[in-house]
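Summary of structural features
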Amino acid sequence: MKTLKKMGLAITLITSLSLSALLPTAEAAGSYQVKSGDTYWKIASKFGVRVNALKTANNSTSNLVYPGEQLAIPNSAYSVAEKDLMARLVHAEAKGEPYAGKVAVATVILNRVASEDFPDTVKGVVYEIANGHYAFTPVQNGEINNPADAESKRAVNEALAYEGQGNGSLFFYNPRTAKSDWIFSRQVNVTIGNHRFAK
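What comes next is a walk through the structure.

Cut-offs applied
- Residues numbered from 1 in each chain as written.
- Predicted model: local features only at pLDDT ≥ 70, side-chain atom pairs only at ≥ 80, totals over all residues.
- Heavy atoms only, no water.
- Helix = DSSP H or I, 4+ residues; strand = E, 2+ residues; numbered from the N terminus.
- Expected span 1.5 Å × (residues − 1).
- Buried < 20%, exposed > 50% of the residue type's maximum accessible area, 1.4 Å probe, protein only.
- Pairing = 2+ DSSP bridges.
- Core = buried A, V, L, I, M, F, W, Y, C linked by side-chain atoms within 4.5 Å.
- Contact = heavy atoms within 4.5 Å.

A separate point is helix H4 (residues 80–93). Helical geometry note: an α-helix holds 3.6 residues per turn, so side chains three or four residues apart project in the same direction. Taking 1.5 Å of rise per residue, 14 residues should cover 20 Å, and H4 covers 20 Å from first to last C-alpha, within 8% of that figure. Of all the 14 residues making up H4, ten are buried; the element is thus mostly covered by neighbouring parts of the structure. Among the residues of H4, those classed as buried are Lys83, Leu85, Met86, Ala87, Arg88, Leu89, Val90, His91, Ala92 and Glu93.

Here is the key point about a regular strand: its side chains alternate between the two faces of the sheet. Note: strand E6 (residues 188–192) against strand E7 (residues 195–198), four bridges, orientation antiparallel. Each residue of the ladder has a partner; that of Ile192, found in E7, is His195. Here E6 hands over to E7 after two residues, with Gly193 in that stretch at a positive phi of 60°.

Right, let's talk about the nonpolar core for a bit. Counting 35 residues, the largest nonpolar core has Tyr78, Met86, Val122, Val126, Val156 and Phe197 as its most contacted members. Of all the secondary structure elements, the ones that give two or more residues to this core are H4, helix H5 (99–114), helix H6 (122–126), helix H8 (150–162), strand E5 (171–173) and E7. For this core, the element with the highest residue contribution is H5, accounting for eight residues. Sequence-distant contacts of Met86, that is, excluding residues within four places in its chain, are made with Tyr78, Ile109, Leu110, Val122, Val156 and Leu160. Within the second largest apolar cluster, 13 residues are counted, among which are Tyr32, Val34, Phe47 and Val51.

Printed below as a string of structure tokens:
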């Protein structure tokens, strides 16, 4: 009987450890000890939280952090699932583009969520169909279902850290492949790689 209890306890322990490894962790909640070379920007990018939110959580008006300092990390404004969806879109839309272009694609998603002219959720923006057309080609052709690479995930976290501080691009397109005359009428903010980013 004791042996059965021990086996049951061992199975329960192994199962709970296995399940905890599969469950997503609270990615951006808790604390962080500042390391040499860290900045608010680097820490916010690591955890996918806004720089301003990180500074506010630590009652800081300065841009300086010091090695050994313990910082409170606020919860991210976006869930793990939302970050993953953004990263998958970035991966599908900006494969082969410079890293800055990947950050800019993620920024377009965030700008659309913040804009009154678009849905107010990441899922709503990514899967939007307007006038019978998908907002993003990877949703139409199924590439959105492919996993994101590490660089796309990092680009999303960097865009989240920078959220609300950019030039407000709501669109991006490749001028060599774009078929809509309308898109060419938009004010271009920046060109990165093969993409133009516009308002």
